[in-house]
Structure formats: C-alpha cells, structure tokens
Amino acid sequence: MEALLEQLERFSEVLAVSRTSHVSTWDSATVRRALQWARYLRHVYRRFGHHQRIRTALERRLHGQWRPEGGLGLGSVPGLTNFEALGCSDVLLSLRLLSNRALGDAACYHLLQQLFPGPGVPGGDEVSLQDQLARLARRRSAVHMLRASGYRESPKLQEDPLMKTQAELLLERLQQVGSAQAESTSRFLSSLWERLPRSNFLKVIAVALLLQPPQAPRPQEELEGGRPQTAGEGSRELVHWLLENSEVMAAFCRNNPAGLLTSVAVRYPALTRVYLALLTDWGRHLRYDLPKGVWVGVETQDVQWAELCDRFQSLCQSATPLKDEVLTALQALKKQDGDFEVPGLSIWTDLLLAIRNGA
C-alpha cells in the first residue's frame, strides 16, 4: 500500500511539472515513461475504484500533497487532486504537454506519435488515447456551454433552444459520470453548483427534468458503482441531488419561474411536497400591512405577496391531482389559522380568495 501511495505522489509531481518550463529537458524516452506511468495509474483506478479503504487513503494523500503551502512549491499548477483524476491521468498529462510550449521538438513529436499511431498499430488500449482526448474536449465544451446564461425570459423557458441544449448536455454528462461510479453524480453536480452561474444552472436543471420522464426508484443493490446508466436516469439523479441539498432546493424553488416549477411539480411528487412546504414557510413570514391593505415581508429577503400568489395560482392551474393537492393543503392551513372568511386576517384565506377570483 505504501509503495502505491509513493507511486501516486511521484506521478502527481510529474503531472504538476508537465505544465512548467522544466519539460524543456524532457526527451522522447521521458515522455514515453510518463505516459506508461499514467496508464498504470489508470489501471489502478479501474481496479480499486470500488475499494473504499484504498480509495480513501489515496484521496487523503492527494489532498495533503496539494495544500497551498505543500507540494513542490507548485501550488498554481497542481498535479492529481482527487481519485477520479486517476481514470484519465494519461489524458491530463497529454493535454498539459500539448499546451506547454517549453516541450522540445523531439519529445513533442514522440507524444504526437503516441496520440495518433495510425491504423493497424497493435497493442492499443480498448479506448484509444485520442478518443479520450476528444471526449474530454467535449466535456470541457459542455461545461463552457453550461456557463452561458443568454437565455430569454419567457413563459415557456423549457422551449428555449439554448436552455434545451444546455439541459441535454447536462443529462448526457450525468449519464457518463454515473456509468463510472454511482456516487460520482452527486459530487459532479455539487462541483457545477460551485463553479457555474447558479441562477442559470437552476433553470437548466428544471428544463432537464422536463426532457426525461420520471424514473422509478432502483433497488439498493443496483445503486452500486460501475453499473451502466440508462438514458432516463439523469432525472432521478437530479431529483436525488436536489432533495439531499436543502439549500439548493430552496434556491431552485425561489429562482425558477412559477410556470416552470409547476411543470416540474406535475412530474415529480417528491419535489412537489418540498415545494409546497417552502411556499408554506414563505407565507408564514408575511404580515398584513393594514394601511396598505397588503401582505408584506418582515425581512428584505422574504418573498413578496404577488410572487407567492402567482406561484400558488400557477399550481392550481395545473392538472387535477396537483391542483387538488394544493387546494387541500391551503384549506387545511386556513382551518389551522382560525378558518376566517374575512380578508386580511389569514394569509391562507386571502390566497384561496385570490385563486378563486383569478387575481
């Protein structure tokens, strides 16, 4: 185990050096050995990806190696930073060398020969390195596309071409990540949440949920890593991630338009229950302003009456099962609040009156 950890550290340092001027001293033999080393670590990833104890030990060593004050003094050009990177270590090394102008001509020529050996070359990997590079380029393009936020506000956001394209890319990437390891999808979505413009990302998630039909929950034994995912499982992963991250779920419900959320709620009862709970909580924060004759928020971040009313009205304009569920919930809240019929005494009474009057 210690020998494997040392191998990992040494290659991680090589990967960091590959982006510096030190590669000017590399010859073709150095490039060949580095690529062989990278392929060996890809084999390690495939073999030990499901061994939690080994995986944890490797992750801990990598995290310790690339603390800001640690490593080769190359904090700005880290090597391997997580276990998932082992799965494409040869691709990462090749990309860094190709983009490094300090690499000598002979070493660069040898690298290109390794990447594009030509037809009929025996002993190639099951998936060629150039295929992996192309796949990684597509992934980077997908992330770049997901960063775009040039959508047009419209009542039918799910029909916006840019939104649909972004949603399709997200679902495709989720399928790829989930096929490698089940728990990777949650980490991947969390990384996007940290990196992408959040308002746009939340809309992309909503549109993605509408592109695929809801999936029935899988048995627990089928959730183990390495099982290929089907095309319709991206929606289940998105729902699971939203439900396990309350902060994200609250932002999802607050930042998406009422009509878009209603369409999502019709398809996903689990999300509907959380959405209704959030609407109820938002309503309880409003107080009736007698001089103005309107419900207002106590804090600046509280939802406005018009928005709350619009969201409930949108839900009540949906298909019958959801509409009945919402009205039943409002009637129960009204009864708990005193069952008043006079406006201004209970926000639930006023919401029911607004829904009934369509205003």
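Residues numbered from 1 in each chain as written. Predicted model: local features only at pLDDT ≥ 70, side-chain atom pairs only at ≥ 80, totals over all residues. Heavy atoms only, no water.

Draft legend 1. Quick look at empty space enclosed by the protein. What the rule picks out here adds up to two cavities of 30 Å³ or more. If you go around the largest cavity, the residues you meet are Met249, Phe252, Cys253, Leu261, Val264, Ala265, Leu271, Thr272 and Tyr275. Elements supplying a minimum of two residues to the lining of the largest cavity: helix H11 (246-255), helix H12 (258-267) and helix H13 (269-284). Across the lining of the largest cavity, the residue classes break down as eight nonpolar, one polar and no charged. (1 Å grid on protein atoms, 1.4 Å probe; cavity = no way out; pocket = protein on both sides within 12 Å on 5 of 7 lines; lining within 4 Å. Points joined across faces, edges and corners; volume = space filled by probe spheres on them. Helix = DSSP H or I, 4+ residues; strand = E, 2+ residues; numbered from the N terminus. Nonpolar A, V, L, I, M, F, W, Y, C, P; charged D, E, K, R; others polar.)

Draft legend 2. Representation of the side chain of Ser89. Checked against the element boundaries, Ser89 lands in helix H4 (residues 89-98). Not counting the four nearest positions on each side in its chain, Ser89 is found in contact with Phe11, Ala38, Leu41 and Arg42. (Contact = heavy atoms within 4.5 Å.)

Draft legend 3. The arrangement of the confidence of the model for the protein chain in detail. Here the protein chain averages 79 in pLDDT, and 75% of its residues register 70 or above. Below pLDDT 50 for its whole length, residues 66-77 participates in 19 contacts with residues either more than four positions away or in separate chains. Contacts from residues 218-231, a stretch scored under 50 in pLDDT, to residues over four places away or in other chains number 29 contacts. (pLDDT = per-residue confidence, 0-100.)

Draft legend 4. Broad picture of the pairing of strand E2 (residues 294-297). Direction of pairing for strand E1 (residues 286-289) relative to E2: antiparallel, over a ladder of four bridges. Following the sheet pairing, Asp289 is matched in E2 by Val294. Linking E1 back to E2 in an antiparallel pair, the connection comprises four residues, with Gly293 at a positive phi of about 70°. (Pairing = 2+ DSSP bridges.)

Draft legend 5. Molecular detail of the pattern of salt bridges. As enumerated under the stated definition, the model contains seven salt bridges in all. For Arg198, the salt bridge identified is with Glu194, shortest N-O distance 3.4 Å. With a closest N to O distance of 2.8 Å, Lys334 and Glu341 form a salt bridge. Residue Lys334 is classed as buried on the basis of its relative accessible area of 6%. Linked through salt bridges whose partners overlap, the residues forming this network are Arg254, Glu307 and Arg311. (Salt bridge = Lys/Arg side-chain N within 4 Å of Asp/Glu carboxyl O. Buried < 20%, exposed > 50% of the residue type's maximum accessible area, 1.4 Å probe, protein only.)

Draft legend 6. Quick look at helix H8 (residues 184-195). Along its 12 residues, H8 runs 16 Å from first to last C-alpha, staying within 8% of the 16 Å computed at 1.5 Å per residue. Those residues of H8 that fall on the buried side of the exposure criterion are Ser184, Thr185, Phe188, Leu189, Leu192 and Trp193. (Expected span 1.5 Å × (residues − 1).)

Draft legend 7. Spatial organisation of the nonpolar core. By size, the foremost hydrophobic cluster in this structure holds 60 residues, and its most contacted members are Leu170, Leu209 and Phe252. Per element, the largest residue contribution to this core is nine residues, and it comes from helix H9 (residues 198-211). In contact with Leu209, other than residues within four places in its own chain, are Ser235, Leu238, Val239, Leu242, Phe252, Val264, Arg267, Tyr268 and Leu271. Counting 29 residues, the second largest nonpolar core, distinct from the first, contains Leu8, Val14, Tyr45 and Ile54. (Core = buried A, V, L, I, M, F, W, Y, C linked by side-chain atoms within 4.5 Å.)

Draft legend 8. Structural view of the environment of Leu58. As for its position among the elements, Leu58 is in helix H3 (residues 52-65). Between the alpha carbons of Leu58 and Leu4 there is a distance of 8.7 Å; along the sequence they are 54 residues apart.

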